[in-house]
Amino acid sequence: MNMGANGTDVAGEVALIADELSRAVELTLNPTIAHEARNQAYNACESFKENSPWCAQAGLLLASTAHYSPVVKHFGLQLMEHTVKYRWTQITQAEKLFIKENAMKLLYMGGWETGHLNDALARVIVEMIKREWPQQWPTLLAELSDACSRGHLHTQIVLHVFLRLVEDVATLQTLEQHQRRKDIYQALTSNMAEIFAFFMRLIELHVQEFREKTAAGDYNAAASNGRVVQVVLLTLTGFVEWVSTNHVVTNNGRLLQILCILLQDDVFQLPAAECLLQIVNRKGSTKERKPLMILFSEDAISCIHRAAVSSISAMDENHYLFLKKLSQVLAGLAQQLTSLWNFASSPERWLPVLLESALLLTSHASLTLAHTANSLWLAFLKHEQISRLPHVLQVLPRWLHAAAPKVLKVTYPSSRVSGSNDAVSYACMDYDSEQEFAIFFSRCRTEILESFRYCMVAAPLVTWSYVEQWTQTALDKLDSAPPTMDVTHPLHVEWEALAQVLDVVLSRLLQADPRPNVAEGLRLLQRCVACEPRAPLLLSLLLSFISALFVFLSCAYSQLAGPSVGCAGAELLPRVLDKIFAALVYEGAPPEGRGARAVKNVRRHAAGLLVKLGSKYPLLLLPVFPRLHEMCRAALARPDLSAVESVTLQEALLLVSNHLCCYERQSALVAQVLGDCSARWAALSAHLTSAEALARLIGLDAPPTDADEERGRARRTLLHALSLALGVVKRTCVPADPDKAARGGFGAGLTPAGNPVWRNPAAAHVLPLFPHALALGRALHELHAPHAAALRHPAHARALQPPPAERRNLLGMRDDTPLAPLSVPQATTPQDRMQNFLHTLHDNVCQLVGAAAASLGRELYGAGGLARAVCGALLAAPARLPDHWLRRVLRAALRPLLLHCPPAHYADVALPLLQHTAPLMVVHLTQRWDYVTSLYESGKLEEESGSESQEVLEDMLVRHLTREYLEVLKVSLVEGGVACEASVDMDEDSMGGGAGGAGGGAGGAAARAPEHVSELGALLLADPVAGPALLHTILRALTWNDSTSSLRACALALPALRAALGADGVSAAEANGALAAVLHALRLHGQHEANQAALLTLAVQAYETLRPRFPGVASVLGAIPDVDAHDLRRLDEKLAAHPARPAKIDKSKKELFKKIASRVIGRNVGQLFKKEVFILDLPTMHAPKEKRTVDGTEGGLEQLFANAPT
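Thresholds, definitions, all that
Residues numbered from 1 in each chain as written. Predicted model: local features only at pLDDT ≥ 70, side-chain atom pairs only at ≥ 80, totals over all residues. Heavy atoms only, no water. Axes fitted to C-alpha atoms, helices over the stretch in contact; angles between N-to-C directions. Helix = DSSP H or I, 4+ residues; strand = E, 2+ residues; numbered from the N terminus. Parallel < 35°, antiparallel > 145°, perpendicular 65-115°, else oblique. Contact = heavy atoms within 4.5 Å. Pairing = 2+ DSSP bridges. Buried < 20%, exposed > 50% of the residue type's maximum accessible area, 1.4 Å probe, protein only. pLDDT = per-residue confidence, 0-100. Phe/Tyr/Trp six-rings, centres within 6.5 Å; stacked < 30°, edge-to-face > 60°. Arc of directions from axis to C-beta. Core = buried A, V, L, I, M, F, W, Y, C linked by side-chain atoms within 4.5 Å. Polar contact = N/O pair within 3.5 Å; in protein donor to acceptor, adjacent residues only side chain to side chain.

## What to know about the packing of helix α22 (residues 434-458) against helix α23 (residues 460-476)
Where α22 contacts α23, the axes come no closer than 5 Å and their chain directions differ by 125°. Between α22 and α23, the angle falls in the class oblique. Here α22 contributes Phe452, Cys455, Met456, Val457 and Ala458 to the contact with α23, which in turn contributes Pro460, Thr463 and Trp464.

Right, dumping it as structure tokens:
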């Protein structure tokens, strides 16, 4: 080693240092040494790495001296890499040459037998390449070629160099310096033909030698060749996903041919499949991917098929891993084929083989393989042309037989299973817990059922024939079924899966062409109606069968079905209704009585089925409405019908009555349905005046017991009265057709704009009940007052806390006992029932307000004092309510009230609501976030702990509450009045949209960011009370520690700020505060890509908007640490030169602002203390004038690696 003057002394000193370092490294990994000593040794090593000028020399000595252990050698290579990575710009040219020459000497020596040492050496060379190649290291490729000629280990190191280089430059792009990455990428691309030819020669030569040596029995030498092939395949995997596909398919697809052949070799099949997977999963333009169609040939697909067959027959863990990878390859092929189908040639030669391969994997016992293979079937069945091909249609019956068993629920075992090849043992191999498997199985079943749905469109007769036969077979097993069973019984498992399949298949019956025989469907429905299962679980599933098959009754009434089928349908419909009503009053059979959970589920299923039929097939039930009405009256006359069952039954009746299209008849029916509801509310009203009276009425002040009949009856009466009012409001509507509405007497005049106003048949009957419902809401809220705690009996201490199901949902947890036998009654206590009762009451009150806003329209909004009544009942003291109650008020009541408010009532309903709510909410949310922040600062919240602690729950509740309130502000400020002049015939989903909105993707909020507020938004922001509170809430939400809330606030901030400016509602201090809030948000949420992009856009637009009127906002940017004053002047010049264009943000302004704010933009915690790597740009490269040909016959480097393999 030439280390300058006094080289011998220096060499001796370095040797001493190396010995000390070797001892320190060994100490750090010696478990018998005390922790303090190991820590000191570790710190000594790190200190030397960071500070010593002899880092590279000592590292080389450690790596190259034979007597040091592999761990010490690895540390030596790390020292060399550290010097190159962090000190390359500081060391002298002589030191650079010393490191480069000696690293290459290590390469020429062949490295070591230990793989991770060779990889570490490759990383040293790659770090030098990133700083020197190609401009200052033009001989690199020749040197690597020379190294390859020296042996197998040398070749492996060179391959690792290529792999790590493309990972840093192309795949992972960890090289952050853009110009250097561009230079290296360009150099790689210009030499790619030669590099690929080198890879190909290596594979062909070493595979041949591997096979020859294996045949000769020289297994050690063969293993060396095998390792080279595996490393080549690994390296290729890093290239094929980003290089031009022309390189992948060069020489008539020789690489693809080799990969397909290697799939059949046990030693190479897994890395070959991985490489092939990267190829078939390529994205890009059609032109870029079109060459990949070379894979769709008889030879290639046959290789894949043979590999699948041999691996399935030789079943062990390695072959199973390969099959999982191969199934992903098939899924990728399917995605490429469906998008490039127009370029496919001779599919009749290879498509049957491809389908056979997919069928093999679908038939495999492993659900993981079947799920992945299903991607192929789903892609083909969705494709309009492929799904009609004779080869596909021919194989569908076999696919149905293979796929149907995969829908059957698999129970994850309580103890690990091994040694068998069934679905359970594979589930144990692939998934570590019941919860993990349950999530997978739910997704797997959903996607397979989706394939059944599309199969019904592609081959309706075949699909229906299979499902019909399966149903007949399942019904045949009924005679041998026991009178009681749990959900794990094989017959229940089969029926439950069949119910799912029937539902998805027959949901496409009306789109099927040709349509299956309606008479056959009616006969199957008739058989289901005639069945009498003894087990309640099976009876419930039988109702699911009837629900799915009911569509045949709809078809029977079609003119296309013919008169005989129509008559059969007319005869069958009453029998179907009789069957449902019989289930509605089902009593069960010993040992399961009326109170058993499974028996209750049958009755509720029957009631829910009537609602579903009334919603989906109202015109079919309309002719038998009198009979339906009479049957409902008979059922309602039974004293043992529960409140839930009776209300659901009457909802079904109302759904059908909506199609009478007669205001008077519908109004009379509503009056009949409500019956003495008004009198019951009047009798209850005295108990709703205060929390004390309500607690006394429902027994909250008494010990929990089931023996108190009077209070139990009071609870049932209260819940029934409220649920009935809610059901009437949800299910009664105005005809969607304006002509029918006008003829039916629903008109109630015209709006000032000349649009018709409709009256809801339920309004006159329900509105008088509203004060009682709001009084109940007020009394429920008063239960949360501090003095009301004494009203609750100590045993009911948790009555107002979130129920267990809601708690699990908030914490993202699944039910602990998903397969608990339904036939066993739930072990609920009176305390649990009281807790659920109170939350159901509160939820129904909020839902009633929201549903009325959606369906009653102007009749509700025209009621005097509506805003005052709602505020007094539900929004009197938000700070007093727990977050889960307040969240429900915002989502279910306040949001629909504002969303459906007509413009005529903005001033007397919407404005007073937010004048009252907005100032309270900004204070409440600020206090809640201060509390959450204090929890984080005190260490009580550990985000990775998965704890169920109260603090974690409160953190989640505050986040959800904030998101719900921002949804309220969204409909108020930018979406207000969407239903203002439209028909009030809104379905219940629109009322419940708040829940869906809160759970939506965060990215959507920024993508749909509006430029200006709505008419209601302008009115609110101009108000001196509501306006400042709304604007401050939005600006503070930017800075609260929830990235989703911040992103949603981003979408509202600019339009709100502009509207407030237009109303002269912003002072100079508030303008500064607005910009400061955006910068604060950038610091907190800048680590998230979506948040950073949205906040930078907002910052530029806010600065553009505020700067002309408030020059002082420039001081906010000037206060950023180390800000460049020149950049600030440039930003102001850009703003002056280009007037603000709200529809489009100038990219140069955004980049400049990002540069100005770079010191405050937040970073991921993993990046905060990362040591910076500085790589200097090299002189600019000049691209060659002539384009290199793919086959590498031009360009001067064609001889590189030509003699590499040995």
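## Looking at the pairing of strand β1 (residues 747-750)
The sheet contact formed by β1 and strand β2 (residues 756-758) spans 2 bridges and is antiparallel. Residue pairing in the sheet places Leu750 in a bridge with Pro756 of β2.

## Section: helix α8 (residues 152-171)
In an α-helix, one full turn covers 3.6 residues, which means residues spaced three or four apart are oriented alike. Of all 20 residues in α8, 18 are buried; the element is thus mostly enclosed. Positive phi shows up at Gln173, right after α8, with a value of about 55°.

## Details of the confidence of the model for the protein chain
Taken over all residues, the pLDDT of the protein chain has a mean of 88, while the share at 70 or more is 90%. In this model, residues 1-5 is a region of pLDDT below 50 whose contacts with residues beyond four sequence positions or in other chains number 6 contacts. Note that residues 1185-1206 has pLDDT below 50 and, in this model, 50 contacts with residues that lie over four places away or in other chains.

## Comments concerning the environment of Gln950
Note that Gln950 resides in helix α46 (residues 950-973). Through-space distance from the C-alpha of Gln950 to that of Glu1015 is 42 Å; in sequence the pair is 65 residues apart.

## A closer look at the packing of aromatic side chains
Taken as a whole and assessed by the stated rule, the structure comprises 25 aromatic pairs. Arranged with centres 6.4 Å apart and planes meeting at 65°, the rings of Phe162 and Phe239 form a pair that is edge-to-face. Of this pair, Phe162 sits in helix α8 while Phe239 sits in helix α11 (residues 219-240), and the two are 77 residues apart along the sequence. Each member of the pair, Phe162 as well as Phe239, carries the same accessibility label: buried. Here the aromatic rings of Phe196 and Phe239 are separated by 6.2 Å at their centres, their planes lie at 85°, and the arrangement is edge-to-face.

## Re helix α57 (residues 1147-1156)
Restricting attention to buried positions, one finds in α57 the residues Lys1149, Leu1152, Phe1153 and Ile1156. Looking down the long axis of α57, one finds its buried residues gathered within 100° of arc, a one-sided arrangement. Among the structural elements, α53 (1068-1085), α54 (1089-1106), α55 (1114-1118) and α56 (1125-1137) are those in contact with the buried residues of α57.

## Some details on the nonpolar core
The nonpolar side chains of a soluble globular protein tend to be buried with one another. Counting residues in hydrophobic clusters, the biggest one holds 379 residues, and the most contacted among them are Phe452 and Leu718. In contact with Phe452, other than residues within four places in its own chain, are Trp399, Leu400, Ala403, Ala404, Val407, Thr463, Val501, Val504 and Val505. Among the nonpolar cores identified, the runner-up in size contains 17 residues, and Val14, Phe48, Cys55 and Leu62 belong to it.

## Here we look at the side chain of Glu496
Tracing the sequence through the fold places Glu496 in helix α24 (residues 490-506). Here the side chain of Glu496 touches Arg445 through a polar contact of 2.8 Å, side chain to side chain. Filtering out sequence-adjacent residues up to four positions away, Glu496 remains in contact with Lys409, Arg445 and Leu541.

## Here's the deal with the side chain of Thr155
Secondary-structure assignment places Thr155 in helix α8. Discounting chain neighbours no more than four positions away, the residues touching Thr155 are Cys148, Leu202 and Val228.

## Quick notes on unusual backbone geometry
For the bond running from Trp133 to Pro134, omega is 0°, close enough to zero to count as cis. Relative to the helices and strands, Pro134 is located in the loop between α6 (115-132) and α7 (140-148). Unusually for a residue other than glycine, Cys661 sits at a positive phi of about 55°. Tracing the backbone through its elements, the reader meets Cys661 in the loop between α32 (643-657) and α33 (663-674). Although it is not a glycine, Asp1064 sits at a positive phi angle of roughly 55°. Mapped onto the elements of the fold, Asp1064 is located in the loop between α52 (1043-1062) and α53.

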